[in-house]
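As a plain string of letters, each chain reads:
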Amino acid sequence: MTPATGSMQSDDAGFRALMDKIARERGFRCSSYKDQCLRRRIAVRIRARGASGCEEYSGILDSEPREYERLMHSLTVNVTKFFRNWDTYAAISSKVIPALMDEAGPAPQVWSAGCATGEEPYSVAMLMHQYAAASGSRTRFNSASIIGTDIDRVCLDHAERAIYQESALSETPPDIRRKYFRDEGGFVALQQEVRRPVTFEYSDLLGFCAPVEKAHLILCRNVVIYFQRAAQDALIAHFHETLVPGGFLVLGKVETLLGDARRLFTPVHARERIFRKC
Ligand SMILES: C[S@@+](CC[C@H](N)C(=O)[O-])C[C@H]1O[C@@H](n2cnc3c(N)ncnc32)[C@H](O)[C@@H]1O
């Protein structure tokens, strides 16, 4: 335990007051996140600013809007990559994309919930585009819609620009890198053809208001792990409601279905935590 985290454990009242302040002033639903996560993140900022504890840090937030932005950015944990955990994408490619692209029904609707800077929805767009090119289903690709949502507006702006550091592609297979990215002034830009179906929107998952009426595929990876169990259960029930019958839910390696939620879905790929609505 670092000194700052340690002092927060002993200053529970100070921590609670800070949480109330952030919830009140920024609409961030602190009570639905795991305490330990929030304490760790806040301790990092307190240390970075050399503050003695929550109370002094709260004063810094009042006088420095930039520090408030830094704190919010730190609380939301925005780590991501294109094709992060390639095995999950390999499973999506073989088990999910053909089902979405070969069906004759309504155009596929995909929701990447907690998309950070957009690498996840764009990765799915590339897989769908590749499949469409190989299977002659371009019309279906052109009608597809992929929406990425997050509560971090800075991340969403970045996602819309679709220009990345090379390090964001460290898990991207070379053939996909060559086909869908071009070098641009020391950065890497995503080609227009795979950007077209992807849009971004601010949406708080803890508000349980889906950005689409119905989804054929929902990806929510490395997000619910930060939520309290009750919020996780409510969110999974919300995903279930939003999915069409037979729709897919991808939770990825880190998270899984717990308790009653297991009865709502059948496993499609156990290791990569891919499920289908019963
Ligand atoms: C670690 S990133 C995951 C990115 C991507 N899904 C992946 O696995 O690579 C977690 C994202 O969840 C977002 N997030 C956290 N709480 C959220 C909430 N209540 N509603 C929507 N997004 C949230 C954060 O802003 C962050 O961008």
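Residues numbered from 1 in each chain as written. Predicted model: local features only at pLDDT ≥ 70, side-chain atom pairs only at ≥ 80, totals over all residues. Heavy atoms only, no water.

Caption draft 1: Examining the overall build of the chain more closely. For the chain, the helix and strand inventory stands at 13 helices and 10 strands. Taken over the C-alpha trace, the chain has a radius of gyration of 20 Å; the compact-globule value for 278 residues is 19 Å, and the two agree within 12%. Across its three principal directions, the C-alpha atoms of the chain cover 60 × 50 × 30 Å. Residues counted as buried form 51% of the 278 residues belonging to the chain. A separation threshold of at least 6 residues defines the contact pool for the chain, and within that pool the share at least 24 residues apart is 73%. Split by element, the accessible area of the chain, about 12,800 Å² in all, is 51% carbon and sulfur. Averaging the positions of the 37 positive and the 34 negative side-chain charges in the chain gives two centres separated by 4 Å. (Helix = DSSP H or I, 4+ residues; strand = E, 2+ residues; numbered from the N terminus. Rg over C-alpha atoms; globule rule 2.2 N^0.38 Å. Buried < 20%, exposed > 50% of the residue type's maximum accessible area, 1.4 Å probe, protein only. Contact = heavy atoms within 4.5 Å. Areas by Shrake-Rupley, 256 points an atom, 1.4 Å probe, with all protein chains shown as cover. Lys, Arg positive; Asp, Glu negative; His and termini not counted. Charge placed at Lys NZ, Arg CZ, Asp CG, Glu CD.)

Caption draft 2: Representation of the pairing of strand S5 (residues 187-190) in the model. Two strands pair when backbone bridges link them, and strand S3 (residues 163-164) and S5 are joined in this way by 2 bridges, in the antiparallel orientation. Directly across from Tyr 164, in S5, lies its bridge partner Val 188. Where strand S4 (residues 181-184) and S5 come together, 4 bridges link them in antiparallel fashion. Its bridge partner lying in S5, Arg 182 is registered against Ala 189. The turn joining S4 and S5, which pair antiparallel and follow one another in sequence, is formed by 2 residues; a positive phi near 55° is taken by Gly 185. (Pairing = 2+ DSSP bridges.)

Caption draft 3: The site of the ligand, seen in detail. Close to the ligand lie 21 residues; Tyr 33, Thr 80, Asp 150, Asp 204 and Asn 222 are nearest. Between the ligand and Gly 114 there is a distance of 2.9 Å, counted from a nitrogen atom to a backbone nitrogen or oxygen. Between the ligand and Asp 150, the relevant distance is 2.5 Å, taken from an oxygen atom to a side-chain nitrogen or oxygen of the residue. In the complex, 99% of the free accessible area of the ligand, which totals 600 Å², lies under the protein chains. Given that more than half its atoms are within 2 Å of the pocket grid, the ligand belongs to the largest pocket. The residue inventory of the shell around the ligand, partitioned by class, reads 9 nonpolar, 6 polar and 6 charged. (Near = heavy atom within 4 Å. Polar contact = N/O pair within 3.5 Å; in protein donor to acceptor, adjacent residues only side chain to side chain. 1 Å grid on protein atoms, 1.4 Å probe; cavity = no way out; pocket = protein on both sides within 12 Å on 5 of 7 lines; lining within 4 Å. Sits in = over half its atoms within 2 Å of the grid points. Nonpolar A, V, L, I, M, F, W, Y, C, P; charged D, E, K, R; others polar.)

Caption draft 4: Just the packing of helix H6 (residues 86-95) against helix H8 (residues 119-135), in detail. Two elements in contact, H6 and H8, have axes separated by 11 Å at closest approach and are oriented at 40°. Classed by the angle they form, the pair H6 and H8 counts as oblique. As H6 packs across H8, the resulting crossing turns out to be right-handed. Contacts from Tyr 89, Ile 92 and Ser 93 in H6 reach Glu 120, Ser 123, Val 124 and Leu 127 in H8. Residue composition of the contact of H6 with H8, grouped by class: 4 nonpolar, 2 polar and 1 charged. (Axes fitted to C-alpha atoms, helices over the stretch in contact; angles between N-to-C directions. Parallel < 35°, antiparallel > 145°, perpendicular 65-115°, else oblique. Left-handed = near helix turned anticlockwise from the far one by under 90°.)

Caption draft 5: Inspection of the layout of surface pockets at higher detail. What the largest pocket holds in volume is close to 400 Å³. If you list the elements that add at least two residues to the lining of the largest pocket, you get helix H5 (65-76) and strand S2 (145-150). Class assignment for the residues of the lining of the largest pocket results in 13 nonpolar, 7 polar and 5 charged. One number sums up the size of the second largest pocket: a volume of about 310 Å³. Forming the walls of the second largest pocket are 16 residues, and the residues nearest its centre are Met 72, Ile 151, Asp 152, Arg 153 and Tyr 202. (Points joined across faces, edges and corners; volume = space filled by probe spheres on them.)

Caption draft 6: View of the domain arrangement of the chain. Split by domain assignment, the chain resolves into domain 1 (3-75) and domain 2 (86-277). On the domain 2 side, the residues contacting the 10 residues of domain 1 number 12 residues. Each partner contributes to the roughly 940 Å² buried at the junction of domain 1 and domain 2, and carbon and sulfur atoms together form 54% of this total. Area buried by domain 1 at its contact with domain 2 is led by Arg 29, Tyr 33 and Lys 34, which between them contribute 52% of it. For the interface between domain 1 and domain 2, the tally reads 1 salt bridge. Across the pair Asp 204 and Arg 29 runs a salt bridge whose closest N-O atoms are separated by 2.8 Å. Where domain 1 meets domain 2, there are 6 residue pairs in polar contact (both at pLDDT 80 or more). Considering only residue class, the side of domain 1 that touches domain 2 consists of 3 nonpolar, 4 polar and 3 charged. (Domains from an automatic or database assignment. Buried area = accessible area lost by both parts, 1.4 Å probe. Salt bridge = Lys/Arg side-chain N within 4 Å of Asp/Glu carboxyl O.)

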